Amino acid sequence: MTIFCSHCHRPLQAEMSCLPRRGKQAPSALKPFRSTKSASKARRDQINVELQALRSLLPISAREKERLSYLHTMALVCLRLRGAQLFPPDSAPPAGPALGAELLSLLPGFLLVLSANGKLAYISENVAQVLGLSVVQLLAQGDTVFDILDGRAHEDVRKKLLLAQEEPGREVTFVSEMCTSKAFRLQHGGNRAVAVHGRFTALRWPASPSTTAFLALCTPVARLPADSDAGSQDDLFQSTHILDMTFTDVTESVTYHLGYRREELIGQSWYSLLHPEDADLAAAQHRAVGESLGAGAAGGAAVLRVLRRDRTWAWLRVSARRDGGGRSITCTSRCLR
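Conventions adopted
- Residues numbered from 1 in each chain as written.
- Predicted model: local features only at pLDDT ≥ 70, side-chain atom pairs only at ≥ 80, totals over all residues.
- Heavy atoms only, no water.
- Helix = DSSP H or I, 4+ residues; strand = E, 2+ residues; numbered from the N terminus.
- Buried < 20%, exposed > 50% of the residue type's maximum accessible area, 1.4 Å probe, protein only.
- Contact = heavy atoms within 4.5 Å.
- Areas by Shrake-Rupley, 256 points an atom, 1.4 Å probe, with all protein chains shown as cover.
- Phe/Tyr/Trp six-rings, centres within 6.5 Å; stacked < 30°, edge-to-face > 60°.
- Lys NZ or Arg CZ within 6 Å of the ring centre and 35° of its normal.
- Pairing = 2+ DSSP bridges.
- Axes fitted to C-alpha atoms, helices over the stretch in contact; angles between N-to-C directions.
- Core = buried A, V, L, I, M, F, W, Y, C linked by side-chain atoms within 4.5 Å.
- Salt bridge = Lys/Arg side-chain N within 4 Å of Asp/Glu carboxyl O.

Colleague: Looking at this model, I keep getting lost on the overall build of the chain. Mind explaining?
Modeller: Counting its regular elements, the chain contains 11 helices and 10 strands. Counting across all 337 residues of the chain, residues that qualify as buried make up 39%. Considering only contacts within the chain whose residues lie at least 6 apart along the sequence, 49% involve residues at least 24 apart. Total accessible area on the chain is roughly 19,500 Å²; 57% of this is exposed by carbon and sulfur atoms.

Encoded structure:
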């Protein structure tokens, strides 16, 4: 019985003529490999060309452009694109960049603009004076506000931003440590505490998430002292509370910081002095102390606003722990400047 070749349908004796010679590969087998490799290289080359073109358009110095990695280039481009979406070129104020730089030098801090989902949309150039990092260096941390804040403040900041978003125009404030340069940390012993004060504003109508931004001024405050810091005793007072945070005693120095006499506070609730926006944060600290067992158990530190007797707000860093065999809570409050 004659067997026929499956390729050319000729008798088997002639089958070898239709197959590649030994040691050689069919040209058709090489084409997909060459095509894939060259296409991949072409794509990389095209991406490099596009990135170089984008880098050339960035409004930064030639020296900074040379130092940009591809990752930093994309981060800076995304920042500019989000800013352009919120502030289209045709809606820009008549004042030019030079005037903007002069105004920035007069501010006590730097300007920060966030999109509705917390993405960084604008950081003023004078951020380097506060954090020791340029805009490009700060973007290396990430592209959201949470990437540049201390991790312990994330939940509180989310709540504040959600509150501000639900009530456009309402001003909110939070204090958190922000990322700084290594040189800054070595010189000052840690990152810098910054007070962020801002609100969500509709930049164009009709208002929508794409046209609404959180505009804030970020001003540095005194370094948040460590719980074990024995210095600057003039900046603190201590108070004792029963487990529901009613005052049972407070040091006389409270008069200097808050204006109240000791007798006025005894019997009052700690919560009656707190800023409404900080009540949740204080309650979380209270629960942490309450759930701890035994004397000396601490609930961590929180930065809170407390009402002075003259109806202004004082920023305090409050550390709490259980004392008296677990039957009372002692708070150490440091006044921040």
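Past the structure itself, the notes keep going.
Colleague: I tried to follow the packing of aromatic side chains on my own but got confused; where do I start?
Modeller: Remark: the centre distance and the inter-plane angle together describe each pair of aromatic rings, the angle taken between the planes. Applying the stated criterion across every chain, the model contains two aromatic pairs. Where phenylalanine 247 meets tryptophan 270, the ring centres are 6.0 Å apart and the plane angle is 65 degrees; that geometry is what we call edge-to-face. With a gap of 23 residues between them, phenylalanine 247 in strand 7 (residues 247–250) and tryptophan 270 in the loop between helix 10 (262–265) and helix 11 (279–291) connect regions that are remote in the sequence. The class for phenylalanine 247 is buried, based on a relative accessible area of 3%. Residue classification places tryptophan 270 among the buried positions, given a relative accessible area of 2%. A cation over an aromatic ring shows up here: arginine 158 above the ring of phenylalanine 146, its NZ or CZ 4.5 Å from the ring centre.

Colleague: Whenever I open this one, the sheet that holds strand 3 (residues 172–178) confuses me. Can you help?
Modeller: The strands making up a sheet associate through hydrogen bonds between their backbones, and the pairing can be parallel or antiparallel. Pairing is antiparallel in the open sheet, where five strands are placed in the order 2-1-5-4-3. Across the chains shown, the open sheet's two edge strands, defined by having one partner strand only, are strand 2 (120–123) and strand 3. Taking each pair of neighbouring strands and ignoring which way they run, the sheet shows an average axis angle of 25 degrees. Judged from the three bridges that link them, strand 1 (residues 110–114) and strand 2 form a sheet pairing that is antiparallel. Among the inter-strand pairings, leucine 114 is bridged to a residue of strand 2, identified as leucine 120. The strands touched by helix 3 (residues 70–86) are strand 1, strand 2 and strand 5 (212–220); relative to strand 2, the strand with the most contacts, the crossing angle is about 90 degrees.

Colleague: Whenever I open this one, the nonpolar core confuses me. Can you help?
Modeller: Where a protein is soluble and globular, its nonpolar side chains tend to be buried together. Residues Leu76, Phe110, Leu120 and Phe214 are the most contacted members of the largest nonpolar core, which totals 37 residues. Excluding residues within four positions of it along the chain, phenylalanine 214 makes contact with Leu112, Val113, Leu114, Leu161, Ala164, Val172, Val196, Gly198, Arg199 and Phe200. Counting residues in each nonpolar core, the second largest holds 24 residues, with Val250, Leu265, Ala302 and Leu304 among its members.

Colleague: Hey, could you run me through the pattern of salt bridges in this one?
Modeller: Pairs can form between side chains of opposite charge once their charged atoms are near each other. The full count for this structure, using the stated rule, is 12 salt bridges. The shortest N-O distance in the salt bridge between aspartate 278 and lysine 160 comes to 3.1 Å. Of this pair, aspartate 278 sits in the loop between helix 10 and helix 11 while lysine 160 sits in helix 7 (residues 154–166); the two residues are 118 residues apart in sequence, bridging distant segments of the chain. Arginine 170 is paired through a salt bridge with glutamate 277; the nearest N and O atoms lie 3.6 Å apart. Of this pair, arginine 170 sits in the loop between helix 7 and strand 3 while glutamate 277 sits in the loop between helix 10 and helix 11, placing them 107 residues apart in sequence.

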